[in-house]
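One letter stands for each residue in the lines below.
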Protein chains: 2
Amino acid sequence: MSYHPHGKHLIAGARIATETTWQSSPATGPAHDFSTGTPALVAQACAAAERAFWTFGYSSRAERAALLHAIADAIEARGVEITDIGTRESGLPAARLEGERGRTTGQLRLFAEHILKGAYLDRRFDAVQPDRQPPRPELRMIQRPIGPVAVFGASNFPLAFSVAGGDTAAALAAGCPVVVKGHSAHPGTGEIVADAIAEALAGQGMDPGVFSLVQGGRRDVGEALVQDPRIRAVGFTGSLGGGRALFDLCARRPDPIPFFGELGSVNPMFCLPAAMAARGAGIARGWAGSLTMGAGQFCTNPGIAVVLEGPGAEAFTQEACAALEAVPPQAMLTDGIADAYRKGRDRLRASPGVREVLTSVCDQRNATPTLYEVSADDWLANPALGEEVFGPLGMVLRCRDADQMLAVARALEGQLTCTLHLDAGDTALARRLMPVLERKAGRLLANGFPTGVEVCDAMVHGGPYPASTNFGATSVGTLSIRRFLRPVCYQNLPEALLPADLLG
Amino acid sequence: MSYHPHGKHLIAGARIATETTWQSSPATGPAHDFSTGTPALVAQACAAAERAFWTFGYSSRAERAALLHAIADAIEARGVEITDIGTRESGLPAARLEGERGRTTGQLRLFAEHILKGAYLDRRFDAVQPDRQPPRPELRMIQRPIGPVAVFGASNFPLAFSVAGGDTAAALAAGCPVVVKGHSAHPGTGEIVADAIAEALAGQGMDPGVFSLVQGGRRDVGEALVQDPRIRAVGFTGSLGGGRALFDLCARRPDPIPFFGELGSVNPMFCLPAAMAARGAGIARGWAGSLTMGAGQFCTNPGIAVVLEGPGAEAFTQEACAALEAVPPQAMLTDGIADAYRKGRDRLRASPGVREVLTSVCDQRNATPTLYEVSADDWLANPALGEEVFGPLGMVLRCRDADQMLAVARALEGQLTCTLHLDAGDTALARRLMPVLERKAGRLLANGFPTGVEVCDAMVHGGPYPASTNFGATSVGTLSIRRFLRPVCYQNLPEALLPADLLG
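All values reported here derive from a predicted model rather than from experimental measurement. (Residues numbered from 1 in each chain as written. Chains lettered and ligands numbered in written order. Predicted model: local features only at pLDDT ≥ 70, side-chain atom pairs only at ≥ 80, totals over all residues.)

Engineer: What am I meant to see in the overall build of chain A here?
Structural biologist: When you go through chain A residue by residue, the secondary structure sums to 15 helices and 21 strands. Against the 2.2 N^0.38 benchmark of 23 Å for 504 residues, chain A shows a C-alpha radius of gyration of 24 Å, consistent with a compact globule. Along the first, second and third principal axes, the C-alpha set of chain A runs to 75 × 70 × 40 Å. The burial tally for chain A puts 59% of its 504 residues in the buried class. A separation of at least 24 residues holds for 76% of the contacts in chain A among residues at least 6 apart in sequence. (Helix = DSSP H or I, 4+ residues; strand = E, 2+ residues; numbered from the N terminus. Rg over C-alpha atoms; globule rule 2.2 N^0.38 Å. Buried ≥ 20, exposed ≤ 12 C-beta atoms within 10 Å, placed from the backbone. Contact = placed C-beta atoms within 7 Å.)

As structure tokens, then:
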């Protein structure tokens, strides 16, 4: 079944066309026309979201859980069309789109169950103490939704980090209306999912203003969205440059609002000597697999392998090179991303001390992997070598000794993840690394690869800047709902005026 | 016992004098010389804090609880000197300083008990699922301390919101070293408390770098502190202008950090008709008391009383005026604050529609209360009438009807508190007001006055901008520890490498 996009915005349940259009640039198949977003349309969506908050912000958790299930159902009902347009727009294989659809609906249903449990409300109660001097009043606290939330989806997850992705699921679960700025890499995929959300809202008898999708095409659309006075917070997944620009706009508002940006990282792996001696070749092959999954276009792509000098390092590089060489060309998500990959790859190759082990071929949109090698001395002397290159690019970083490995850890910028490959004999060195790595990343993992990001209670997908703009938050997992809540204290209020969640 | 300040900074346990000095400006008694803060000294304190984090950040909760108790003990041991210099510097009466000392030590001990309970760690565990495809790894999460924290104390609470106040207590409880920028209104009080903290650290055998106090005197000290690369977050209580300037510096850092600023508010009271008919005079007298407590120098001072037009409004104003007239002149905290009070008072009086009911007398440092009256029409037409004037200034805001009262609620900026005075007959109107007020303030209270801020689990001292810069946080109560924590996820790590708190 081939899906033909209608190309319109979805504003509070209405499909709206604007005067000008832009053309999508799919990896395969025909381009389509999409209405261009405008600041006026953003204002309309935000006004509808603000109006809807007066009911949606006071809906019951059961009502919102039903909505989340209904959205998941409506997405599943459109599964074939979503995979059709999604594969064409992103160049990702059908199995990936299907898996990502499962992740997206699973995430929506997980949040439905999560809010029904109620622990996220963090209810607190301090009883009255009438005999204390002065008497203590009764105090209750609960986490309340913050109001309308803006969401910017990612290019690399057209479903799970996009229109009905983690940010939208968390915001709706909290009780916050959502205005999504559509990603221009997958506008048709975005519009089907938006239609699914609108259908679910209508089916639940909820205010259609709870959700709007403004398609892109102009830079001022995103700028208008984060500066709209009705928007209370922003969820963003994307590049450091684009994210920082929007972060700055949020901070400069007359009333600053939080910008929850997940901006990517290089996700270093530290390969400790006992593990390398026992199974270095296996680690190298696993690395090559993680590095090239989805053409390396993951926020958690492990771009750097830190090893100790010696024959083990040589064998590791050779094994990784052999595995990477066997990987066929893969489609990048957009021409722009392919271009940035070429530029990043060439910039690194031109840096002092960088040795090219495997040369990548990257035409307009399709790329094979790159493998570089560099000494820790050269890497430490050049902070630009620690910047992310989005795509299937790996760098083996050779350290003189354990102390230099520790120096590399200390020199890292903020990361989403840091990985240790270790065996029992590596515990002493790992104990030295742990306190350093813990300050650098939101997630630490052992003997695995960071590219699988579980959606669960304990997940942290975030970390110190530039991995994210808020080291106290995560954008994946149930804890991510906290971004869209604020504590409110009720002192001596009669029960008739308290939120239902505080009594129930 | 008269305390004579040594006038030095306290940097990681060492008393350090700088080349230049400045003179304090106490409300009574002699001025003293204090060493001037410098950016170099800030850097020294931050470097010591960063070094200390490697041990303090891994101390046990029992060790930190013992430290908090030891600080409370050391403050109590200096009680007489603290009250002596504190009353002279601030002009606040001895009973207030003694009460505030109890609040300060109580707060330190409350955090000791709070961390021992462990709930604040928000430990999460997702078990391994080896048979799932792909297998799910074991995932654990815990909240970890963020690193060195900068604290800016408030002029109006020389103990409870200053050197060892709520921000410092929460940061130390979390495991974060603290660098305090001393407030120039009470440098001598600050130095005694700093000495108490240093003594407690030494007694517990902890790194002295866990705490430093850099005295003020120069604007670039605070600017250097919030921009130091080792500082991970800032706790601030003070003015909107000063707070926003520091917030902007934090947001513009190469690596932005959170600035938790509590910037004050006007804390409106909504006096509903049934309550006014039954006990309007009592509310008016209570208001006058709350408004003039501590010369009105509280963040939660209720500056606006919103009433309905009619004979009740007239009687309310007369009763409040009579009660305020009886209040003798009180010392303001600093000459600058007295000056700002005079200017704010005169600015409001010059605004269209503002009627002066009670004229204030305010010489260089001592002030009597001001009472103004204004119609809601005039107030709504002039947003500047909603800005805080720090000091004993009240404004009665007369509304035509319930709808206009609602319009006033909607027009409010962010507040720390909103108060309802209501009886059973007011429930319907209160139900209309509640959703609006809930979006405006961190704390809603009924039939009381906001000036008593309980230190407890359910307290929220914060709110939408400009009440605070982070509506998701509180600066009073146990929830305030969350500002200085970040979630870290551990995937498949051997137990030998996990933080003790995750296993215990």
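From this point, the narrative continues.
Engineer: Got a minute to help me understand the interface of chain A and chain B in this structure?
Structural biologist: The figure often quoted for interface size is the accessible area lost as the parts come together. Of the residues lining the interface, 57 residues belong to chain A; the matching set on chain B comes to 57 residues. Taken together, the residues of the side of chain A that touches chain B sort by class into 33 nonpolar, eleven polar and 13 charged. Note that strand 20 (residues 441–446) of chain A and strand 21 (residues 485–491) of chain B share three bridges and pair parallel. When the bridges of strand 21 of chain B are listed, L445 of chain A appears paired with Q491 of chain B. (Nonpolar A, V, L, I, M, F, W, Y, C, P; charged D, E, K, R; others polar. Pairing = 2+ DSSP bridges.)

Engineer: In this structure, what is going on with the packing of helix 3 (residues 79–90) of chain B against helix 6 (residues 187–203) of chain B? I would like to understand it.
Structural biologist: The relative placement of two packed helices comes down to the angle between their axes together with the axis-to-axis distance. All names here are of chain B. Here helix 3 crosses helix 6 at 155°, and the two axes come no closer than 8 Å. Classified by the interaxial angle, the pair formed by helix 3 and helix 6 is roughly antiparallel. In this structure, the crossing between helix 3 and helix 6 has a hand that is left-handed. When helix 3 is examined against helix 6, the residues E81, I82, I85, G86 and E89 are found in contact with a partner set consisting of G188, T189, I192 and V193. For the contact of helix 3 with helix 6, a count of residues per class yields four nonpolar, three polar and two charged. (Axes fitted to C-alpha atoms, helices over the stretch in contact; angles between N-to-C directions. Parallel < 35°, antiparallel > 145°, perpendicular 65-115°, else oblique. Left-handed = near helix turned anticlockwise from the far one by under 90°.)

Engineer: Help me understand helix 10 (residues 311–325) of chain B, please; the structure alone is not making it clear to me.
Structural biologist: For the α-helix, the turn length of 3.6 residues means that residues three or four positions removed from each other point alike. Residue and element names in this part refer to chain B. Its 15 residues place the ends of helix 10 21 Å apart at the C-alpha level, agreeing with the 21 Å of an ideal helix rising 1.5 Å per residue. Buried within helix 10 we find A313, F316, T317, A320, A323 and L324. In an axial view of helix 10, the angular spread of the buried residues amounts to 130°, which keeps them on one side of the axis. Check the buried side of helix 10 and you find it contacts strand 12 (269–271), helix 9 (273–292), strand 13 (304–308), strand 15 (355–358), strand 17 (370–375) and strand 18 (393–399). (Expected span 1.5 Å × (residues − 1). Arc of directions from axis to C-beta.)

Engineer: When you look at the confidence of the model for chain A in this model, what are you seeing that I'm missing?
Structural biologist: Detail in the predicted coordinates should be disregarded across regions flagged by low pLDDT. Residues of chain A with pLDDT of at least 70 account for 100%, and the chain-wide mean is 96. Scoring the predicted complex yields pTM 0.97 and, for the interface, ipTM 0.97. (pLDDT = per-residue confidence, 0-100.)

Engineer: Is there a simple way to explain unusual backbone geometry in this structure?
Structural biologist: In terms of backbone geometry, most residues other than glycine have negative phi values and most peptide bonds are trans. In the segment running from Q133 of chain A into P134 of chain A, the intervening peptide bond is cis, with an omega of -10°. As for its position among the elements, P134 of chain A is in the loop between strand 5 (124–126) and strand 6 (139–145). In the Ramachandran plot, A12 of chain B falls in the positive-phi region, its phi being about 50° despite a non-glycine side chain. Counting through the fold element by element, A12 of chain B comes out in the loop between strand 1 (9–11) and strand 2 (14–16).

Engineer: Would you explain the relation of the copies chain A and chain B in this entry?
Structural biologist: Each of the two chain copies goes to the other by way of a rotation about an axis and a shift along it. With an RMSD of 0.0 Å, chain A superimposes on chain B once it is rotated by 180° and translated 0.0 Å along the axis. Both chain copies can therefore be described as sitting about a two-fold axis. It is A251 of chain A whose C-alpha, among those of chain A, lies nearest the rotation axis, at 3.2 Å. Most of the interface of chain A is mirrored in chain B, where 100% of its interface residues again form contacts. (Least-squares fit on C-alpha atoms with pLDDT ≥ 70 in both.)

Engineer: Whenever I open this one, the sheet that holds strand 20 of chain A confuses me. Can you help?
Structural biologist: Hydrogen bonds along the backbone pair up the strands of a sheet, which may run parallel or antiparallel. Pairing is mixed in the open sheet, where ten strands are placed in the order 15(A)-17(A)-18(A)-13(A)-12(A)-19(A)-20(A)-21(B)-6(B)-5(B). Two strands in the sheet have a free side with no partner beyond their single neighbour: strand 15 (355–358) of chain A together with strand 5 (124–126) of chain B. The average undirected angle you get between the axes of adjacent strands in this sheet is 20°. Both strand 12 (residues 269–271) of chain A and strand 13 (residues 304–308) of chain A contribute to a ladder of two bridges, which runs parallel. Pairing of M269 of chain A across the sheet is with A305 of chain A, part of strand 13 of chain A. Contacts from helix 13 (residues 402–411) of chain A reach strand 12, strand 13 and strand 18 (393–399) of chain A within the one sheet, and its direction differs from that of strand 18 of chain A by about 135°. Strands in contact with helix 14 (residues 427–440) of chain A are strand 12, strand 19 (415–421) and strand 20 of chain A together with strand 6 (139–145) and strand 21 of chain B; relative to strand 19 of chain A, the strand with the most contacts, it is inclined by about 170°.

Engineer: Looking at this structure, how should I read the domain arrangement of chain A?
Structural biologist: Residues and elements named next belong to chain A. As assigned here, chain A comprises domain 1 (10–16 + 37–263 + 468–503) and domain 2 (269–446). Averaged C-alpha coordinates put domain 1 and domain 2 at centres separated by 34 Å. Counting residues at the interface gives nine residues for domain 1, matched by ten residues for domain 2. Each residue belonging to the side of domain 1 that touches domain 2 can be placed in one class, and the counts come to two nonpolar, five polar and two charged. (Domains from an automatic or database assignment.)

Engineer: Honestly, the sheet that holds strand 9 (residues 211–214) of chain A in this entry has me stumped. Any pointers?
Structural biologist: Residue and element names in this part refer to chain A. Taken in spatial order, the seven strands of this open sheet run 2-1-9-8-7-10-11, and their pairing is mixed. Of all the strands in the sheet, the pair left with one neighbour each is strand 2 (14–16) and strand 11 (259–262). Neighbour to neighbour, the strand axes of the sheet diverge by 20° on average, direction disregarded. Both strand 7 (residues 149–152) and strand 10 (residues 233–237) contribute to a ladder of four bridges, which runs parallel. Bridge pairing in strand 10 places A150 opposite V234. Here helix 7 (residues 219–227) sits on the sheet in contact with strand 7, strand 8 (178–181), strand 9, strand 10 and strand 11, set at roughly 160° to strand 8. Along the sheet, helix 8 (residues 240–252) makes contact with strand 10 and strand 11, crossing strand 11 at roughly 170°.

Engineer: Looking at this structure, I do not really get the nonpolar core. What am I missing?
Structural biologist: Generally speaking, nonpolar side chains in soluble globular proteins are found buried as a group. Counting residues in hydrophobic clusters, the biggest one holds 164 residues, and the most contacted among them are L68, I71 and V234 of chain A together with L68, I71 and V234 of chain B. Setting aside its immediate chain neighbours within four residues, L68 of chain B contacts L108, R109, F111, A112, A169, L172 and A173 of chain B. Formed by 82 residues, the second largest nonpolar core is a distinct cluster that contains A275, V306, F316 and A323 of chain B. (Core = buried A, V, L, I, M, F, W, Y, C linked by C-beta atoms within 7 Å.)

Engineer: Help me out: how do you make sense of the packing of helix 3 (residues 79–90) of chain A against helix 4 (residues 94–117) of chain A in this one?
Structural biologist: All names here are of chain A. Where helix 3 contacts helix 4, the axes come no closer than 9 Å and their chain directions differ by 130°. Taken together, the axis directions place helix 3 and helix 4 in an arrangement best described as oblique. Here helix 3 runs over helix 4; the crossing is right-handed. Residues G79, I82, T83, G86 and T87 of helix 3 form the contact with helix 4, whose participating residues are A94, L97, E98 and R101. Here the contact of helix 3 with helix 4 is composed, by residue class, of three nonpolar, four polar and two charged.

Engineer: What's the story with the pairing of strand 19 of chain A in this structure? I'm lost.
Structural biologist: Where a strand is regular, its side chains alternate between the two sheet faces. Residue and element names in this part refer to chain A. Burial analysis of strand 19 places seven of its seven residues in the buried class, the great majority of the element. With three bridges joining them, strand 12 and strand 19 adopt parallel strand pairing. Looking across to strand 19, one finds that F270 is bridged to L420. Sheet analysis places strand 19 next to strand 20, joined by five bridges and oriented parallel. Counterpart to Q415 in the pairing with strand 20 is A441. In this fold, strand 19 hands off to helix 14, which returns the chain to strand 20; that crossover is right-handed. (Right-handed = clockwise from strand over helix to strand, strands pointing away.)

Engineer: Is there a simple way to think about the environment of A430 of chain B in this case?
Structural biologist: Note that A430 of chain B resides in helix 14 (residues 427–440). Distance from A430 of chain B to G472 of chain B, taken between C-alpha atoms, is 25 Å for residues 42 residues apart in sequence. The contact partners of A430 of chain B, leaving out residues within four places of it in the chain, are L497 of chain A together with L272, L420 and L422 of chain B.

Engineer: Before we go on, may I ask you to explain helix 8 (residues 240–252) of chain B in this structure?
Structural biologist: With 13 residues, helix 8 of chain B should cover 18 Å at 1.5 Å per step; its first-to-last C-alpha distance of 18 Å lies within 8% of that length. When helix 8 of chain B is considered as a whole, its buried residues turn out to be G243, L246, F247, C250 and A251 of chain B. One side of helix 8 of chain B carries all its buried residues, which in axial view fall inside an arc of 140°. Across helix 8 of chain B from its buried face, at more than 90 degrees, point the exposed residues G241 and R252 of chain B. On its buried face, helix 8 of chain B is in contact with helix 8 of chain A together with helix 7 (219–227), strand 10 (233–237) and strand 11 (259–262) of chain B.

Engineer: What exactly am I supposed to notice about the environment of E309 of chain B here?
Structural biologist: Residues and elements named next belong to chain B. Residue placement: E309 occurs in the loop between strand 13 and helix 10. The spatial distance from the C-alpha of E309 to the C-alpha of R123 is 54 Å, given a sequence separation of 186 residues. Among all residues touching E309, those that are not within four sequence positions of it are R398, C399 and R400.

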